[in-house]
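# Structural characterization, general
So the chains spell out like this:
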Amino acid sequence: MSDVRPRACPIAGTLDLVGERWSLLVLREVFMGVRRYADIRANTGAPRDVLTKRLRSLEAAGILERRRYQDRPPRFEYHLTAAGQALEPVLIGLREWGLRHLRNPPPAPRFLHTCGADVETRVVCARCGEPLEGGGLVTVLEEEDRSGS
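A few points on the structure. Only a predicted model underlies this, so the values are computations on that prediction, with no experimental measurement involved. Note on numbering: residues in each chain are counted from 1, in written sequence order. pLDDT decides what is reported in this predicted model: residues at 70 or higher carry local features, side-chain atom pairs at 80 or more are listed and counted, and totals for whole chains, interfaces and linings draw on all residues regardless. No hydrogens and no water enter the side-chain calculation; it runs on all heavy atoms of the structure.

Let us now look at the overall build of the protein chain. Of regular secondary structure, the protein chain possesses seven helices and two strands. Secondary structure elements are taken from DSSP: a helix is a run of H or I of four residues or more, a strand is a run of E of two residues or more, and numbering for both begins at the N terminus. Along its sequence from the N terminus, the protein chain presents helices and strands in the succession α-α-α-α-β-β-α-α-α. Its C-alpha atoms give the protein chain a radius of gyration of 19 Å, clearly above 15 Å, the size a compact globule of 149 residues would have. Dimensions of the protein chain, computed from C-alpha atoms along their principal axes, come out at roughly 60 × 50 × 30 Å. Working definition: with a 1.4 Å probe on protein chains only, accessible area under 20% of the residue-type maximum means buried, over 50% means exposed, and in between means partly exposed. For the protein chain, with 149 residues in total, the buried portion stands at 19%. Note that the radius of gyration is over C-alpha atoms, with the globule rule given as 2.2 Å times the number of residues to the power 0.38.

Turning our attention to the state of the cysteines. Note on terminology: pairs of cysteine sulfur atoms within 2.5 Å are recorded as disulfides. Under the counting rule described, the total for this entry stands at zero disulfides. Considering cysteine sulfurs only, Cys125 is the nearest to Cys128, which forms no disulfide, with 3.7 Å between them.

Take a nonpolar patch on the surface next. Distance thresholds for patches are 9 Å for like charges and 5 Å for nonpolar side chains (Val, Leu, Ile, Met, Phe, Trp, Tyr), applied to residues having over 30% relative accessible area and no salt bridge. Areas reported here follow the Shrake-Rupley algorithm with a probe of radius 1.4 Å; residue values treat only the protein chains shown as occluding. Any Lys or Arg side-chain nitrogen located within 4 Å of an Asp or Glu carboxyl oxygen qualifies as a salt bridge. A contiguous nonpolar patch, built from Val123, Leu132 and Leu137 and spanning about 290 Å² of accessible area, is present on the exposed surface. By relative accessible area, Leu132 is classed as partly exposed at 36%.

To continue, consider unusual backbone geometry. The omega angle of the peptide bond from Arg72 to Pro73 is -10°, so this bond is cis rather than trans. Topologically, Pro73 is positioned in the loop between β1 (64-70) and β2 (75-80).

So, on to the packing of helix α2 (residues 21-31) against helix α6 (residues 88-101). Axis definition: a line fitted to C-alpha atoms, limited for helices to the stretch in contact. Angles are taken between N-to-C directions and run from 0 to 180 degrees. The geometry of α2 relative to α6 is characterised by a closest axis approach of 11 Å and an angle of 105° between their N-to-C directions. In terms of orientation, α2 lies roughly perpendicular with respect to α6. For the pair α2 and α6, contact is made by Leu24, Leu27, Arg28 and Phe31 and by Glu88, Leu91 and Leu94, respectively. Residues belonging to the contact of α2 with α6 are distributed by class as follows: five nonpolar, no polar and two charged. Oblique is the label for every angle not falling under 35 degrees (roughly parallel), over 145 degrees (roughly antiparallel), or within 65 to 115 degrees (roughly perpendicular). Any two residues having at least one pair of non-hydrogen atoms within 4.5 Å are treated as being in contact. Note that Gly is not counted as nonpolar here; it falls among the polar residues with everything else outside the nonpolar set of Ala, Val, Leu, Ile, Met, Phe, Trp, Tyr, Cys and Pro and the charged set of Asp, Glu, Lys and Arg.

On any regular strand, side chains alternate: one points to one face of the sheet, the next to the other face. With six bridges joining them, β1 and β2 adopt antiparallel strand pairing. Residue Glu65 lies in a different strand from β2, and its bridge partner there is His79. DSSP calls a pair of strands paired once it identifies at least 2 bridges connecting them. Two successive antiparallel strands, β1 and β2, enclose a turn made up of four residues.

It is at 10 Å that the axes of α2 and helix α4 (residues 48-60) come closest, and there the two elements cross at 70°. When the axes of α2 and α4 are compared, the pair comes out roughly perpendicular. Within the contact between the two elements, α2 uses Trp22, Ser23, Val26 and Leu27 and α4 uses Val50, Leu51, Arg54, Leu55 and Leu58. In the contact of α2 with α4, the residues fall into seven nonpolar, one polar and one charged.

Put into structure tokens, the structure is as follows:
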């Protein structure tokens, strides 16, 4: 029997919450202002049972919140929480990667800043502001960092 233990990290934990196709497509729709179940379903193509499960899990994880917009019958919209809004650069990054690296990327809406310029993701050093572009990253594992290695 093997003692394989996958590396525990925040990426793995995040993927547990949002790393499934339908979850990401739901988030895409809510980011684009689509908030009602029927519209999310139409735009993602998700089967009803799958969509219901994903919406519930995103709500339970604190990424989405349901808000009632009609009493009779009760109907709800889905809105991003602060944690959900913090996923915006991830979705923009996935979009950009697809536009650059998919063989035949489908047409995609542009994301514009309020100034009118296209929005793109950029990873920069928090201290000096220099962009991370090939080779500027050093990885230090937390265990090593705490032990002084």
